[in-house]
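# Inside the fold
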Amino acid sequence: MSAPALNAPAERPGLWGWDRPRLEAWFVARGEPAYRARQVLSWLHRRGVEDVSAMTDLGRTSRAVLAASFATARRLPEAVFRSADGSEKAVFRLDGGATVEAVLIPEEGRNTLCVSSQAGCPIDCAFCATAARGFERNLEAHEIIAQVRWAIDRVGREGLTNVVFMGMGEPLANYRAVAAVCRLLLDPVAYGLSRRRVTVSTSGLVPQMHRLAEELDVALAVSFHAAHDVLRDRLVPLNRVHPLAEILAACRHYLACRPDRHVLVEYALLDGVNDSPDEARALARLLRGLAVKVNLIPFNPFPGSLFRRPEEGRVAAFQDVLTRAGVFSRVRRTRGGDIAAACGQLAGEVRDRRKHAPGAETPCPSPRAA
Ligand code: SAH
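The model shown is predicted, which means the values in this text are computed figures rather than measured ones. (Residues numbered from 1 in each chain as written. Predicted model: local features only at pLDDT ≥ 70, side-chain atom pairs only at ≥ 80, totals over all residues. Heavy atoms only, no water.)

### Things to note about the overall build of the protein chain
A tally of regular secondary structure across the protein chain gives 12 helices and 13 strands. In terms of overall dimensions, the protein chain is globule-like: its C-alpha atoms have a radius of gyration of 21 Å, near the 21 Å expected for 370 residues. On the principal axes, the C-alpha backbone points of the protein chain span a range of 70 × 50 × 50 Å. Of all 370 residues assigned to the protein chain, the portion counted as buried reaches 53%. Across the protein chain, every contact between residues at least 6 apart in sequence was considered, and the portion connecting residues at least 24 apart equals 66%. Surface exposure of the protein chain reaches about 16,200 Å², of which carbon and sulfur atoms provide 51%. (Helix = DSSP H or I, 4+ residues; strand = E, 2+ residues; numbered from the N terminus. Rg over C-alpha atoms; globule rule 2.2 N^0.38 Å. Buried < 20%, exposed > 50% of the residue type's maximum accessible area, 1.4 Å probe, protein only. Contact = heavy atoms within 4.5 Å. Areas by Shrake-Rupley, 256 points an atom, 1.4 Å probe, with all protein chains shown as cover.)

This is the structure:
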């Protein structure tokens, strides 16, 4: 077998995904000062300069070694769809051909970017469009940062206020890349986002929840969807490996490590399945004593889905039970439903979906990709 070509682009790691500790170690191992990492991160993430030769405070040799060691070209979206409500969905095609999607949601006073961490998802939740597509692979950190860069193209560095790992994939199943991206998002020399405004959402990968509690100062969202194991086993098959008691213990560990925080409990409301007042009472009992806020997500349908969205009255009744029990909750408004960009609708097969919903989507060229 012949050796791979030296410095072939695909062989070089993506510099956009390297966080400060990793890049510092890389420079130190080459006998250079650790602060070079700060310089590079600032050029890339703060100023958006991807051309290493333009990083003028680095010195010629450092620049040459960096350029030879890393890939720095940014990946741009293949297509962007704009919803009538102002949210936008970008579709990225990865090396290997899979597509992933990111959604930018403008709200009063803030812009939230919902990023994908995997192409497809291995968790197989019964009510999620991503699950129906199967699992392809983990994203590299630089492939997640590419989604962040797209959002910054749209709203500017100051304009991007919140990043949530609630797109395609189970972020904690891709812990290393997600942790690197979180560090970059929080790092003042890179994105400098407030630690309250970076949220990792998990279906309940308990060992990684414990790890996150100790290592990353980010907000934690946990997808409950049921208040007892029999139902949750059906909705989130991972529950058979890590049942509710384990998930609650991991939430307590997180709250013990981060006493000033709460856990965001996500609960997709599925008509006639988990949306009765009894289920609400059970949920309130389950969460008693924990610092939580509940996010109720009325089911977002997708082609071929087996569940239905409950009527508004049922949603209100569910919420009412929680409120009476002293549990704070909010109903997540559906955003981007017309471009299949709402929670659980990201599936990545853009051509198919255009076929399913003719006229419902308005393709608009991305400013950079066009
Ligand atoms: N894998 C992560 C992120 C998933 S997306 C997790 O499970 O937490 C964010 C939320 O949307 C999760 O709570 C997920 O269960 C929920 N969701 C998935 N499909 C949905 C759908 N069709 N309607 C409403 N919510 C959905």
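### Focus: the side chain of T202
With respect to the secondary-structure elements, T202 resides in strand 8 (residues 198-202). When its relative accessible area of 1% is taken as the criterion, T202 is described as buried. If sequence neighbours within four positions are ignored, T202 has contacts with E170, L172, M209, L220, A221, V222 and S223.

### Focus: the domain arrangement of the protein chain
Partitioning the protein chain into domains gives domain 1 (19-69) and domain 2 (79-369). When each unit is reduced to the centre of its C-alpha atoms, the spacing between domain 1 and domain 2 is 33 Å. If you look at the interface, domain 1 gives 11 residues, while domain 2 gives 12 residues. Summed over both partners, the interface of domain 1 with domain 2 comes to about 960 Å²; 49% of that surface belongs to carbon and sulfur atoms. By the criterion of area lost to domain 2, the three top residues of domain 1 are D19, H45 and R46, representing 61% of everything that side buries. At the junction of domain 1 with domain 2, the criterion picks out 2 salt bridges. (Domains from an automatic or database assignment. Buried area = accessible area lost by both parts, 1.4 Å probe. Salt bridge = Lys/Arg side-chain N within 4 Å of Asp/Glu carboxyl O.)

### Considering the site of the ligand
Of all residues adjacent to the ligand, which total 17 residues, the nearest are G169, S201, S223, H225 and N300. Contact between the ligand and E266: an oxygen atom at 3.4 Å from a side-chain N or O atom of the residue. Bound to the protein, the ligand loses 97% of the 530 Å² it would expose on its own. Of the residues assigned to the shell around the ligand, the class counts are 7 nonpolar, 8 polar and 2 charged. (Near = heavy atom within 4 Å. Polar contact = N/O pair within 3.5 Å; in protein donor to acceptor, adjacent residues only side chain to side chain. Nonpolar A, V, L, I, M, F, W, Y, C, P; charged D, E, K, R; others polar.)

### Here's the deal with the packing of aromatic side chains
Evaluated as defined, the whole model comprises 6 aromatic pairs. Here F299 and F307 contribute two aromatic rings whose centre-to-centre distance is 6.1 Å and whose plane-to-plane angle is 65°, an arrangement assigned as edge-to-face. Neither F299 nor F307 differs from the other in exposure class; each is buried. Through a chain of ring-to-ring contacts, the aromatic side chains of W18, W26, F27 and F70 assemble into a single cluster. The ring centre of W43 lies 3.8 Å from the NZ or CZ of R47, which sits over that ring. (Phe/Tyr/Trp six-rings, centres within 6.5 Å; stacked < 30°, edge-to-face > 60°. Lys NZ or Arg CZ within 6 Å of the ring centre and 35° of its normal.)

### Some thoughts on the layout of surface pockets
Looking at the second largest pocket, its volume works out to about 770 Å³. For the lining of the second largest pocket, the elements supplying multiple residues, two or more each, are strand 6 (135-138), helix 5 (141-155), helix 6 (175-186) and helix 7 (206-215). The greatest single-element share of the lining of the second largest pocket, amounting to 6 residues, is contributed by helix 6. Partitioned by chemical class, the residues of the lining of the second largest pocket number 14 nonpolar, 6 polar and 13 charged. (1 Å grid on protein atoms, 1.4 Å probe; cavity = no way out; pocket = protein on both sides within 12 Å on 5 of 7 lines; lining within 4 Å. Points joined across faces, edges and corners; volume = space filled by probe spheres on them.)

### Describing the pattern of salt bridges
Under the counting rule described, the total for this entry stands at 26 salt bridges. Taking the shortest distance from any N to any O, the salt bridge between R195 and D217 comes out at 2.9 Å. In this pair, R195 is assigned in the loop between helix 6 and strand 8 and D217 in the loop between helix 7 and strand 9 (219-223), connecting sequence segments 22 residues apart. Put simply, E215 and R211 hold a salt bridge, and the shortest N to O gap is 3.2 Å. One end of the pair is E215 and the other is R211, both in helix 7 and 4 residues apart, which spans about a single turn. Taking the relative accessible area as the measure of exposure, E215 reaches 40% and is therefore partly exposed. Among the residues examined, R211 registers a relative accessible area of 44% and is labelled partly exposed.

### What to know about the confidence of the model for the protein chain
Chain-level pLDDT for the protein chain is 90 on average; 91% of the residues reach the 70-or-more range. In this model, residues 1-9 is a region of pLDDT below 50 whose contacts with residues beyond four sequence positions or in other chains number 5 contacts. (pLDDT = per-residue confidence, 0-100.)

### Notes on the packing of helix 7 against helix 9 (residues 244-257)
At a minimum axis separation of 8 Å, helix 7 and helix 9 run at an interaxial angle of 5°. Classified by the angle their axes make, helix 7 and helix 9 are roughly parallel. Side by side, helix 7 and helix 9 meet where V206, M209, H210, L212, A213 and E214 of the first sit next to E246, I247, A249, A250, C251, H253, Y254 and C257 of the second. Split into classes, the residues belonging to the contact of helix 7 with helix 9 amount to 10 nonpolar, 2 polar and 2 charged. (Axes fitted to C-alpha atoms, helices over the stretch in contact; angles between N-to-C directions. Parallel < 35°, antiparallel > 145°, perpendicular 65-115°, else oblique.)

### Regarding the pairing of strand 11 (residues 292-298)
Of all 7 residues making up strand 11, 6 are buried, and the element is well covered by its neighbours. Across 7 bridges, the pairing between strand 10 (residues 263-269) and strand 11 is parallel. Bridging from a neighbouring strand, V265 pairs with V294 of strand 11. Read from strand 10 through helix 10 (residues 277-287) to strand 11, the crossover connection turns out right-handed. Both strand 11 and strand 12 (residues 329-331) contribute to a ladder of 3 bridges, which runs parallel. For N295, the partnering residue across the bridge sits in strand 12 and is R330. For the segment spanning strand 11, helix 11 (residues 312-324) and strand 12, crossover handedness is right-handed. (Pairing = 2+ DSSP bridges. Right-handed = clockwise from strand over helix to strand, strands pointing away.)

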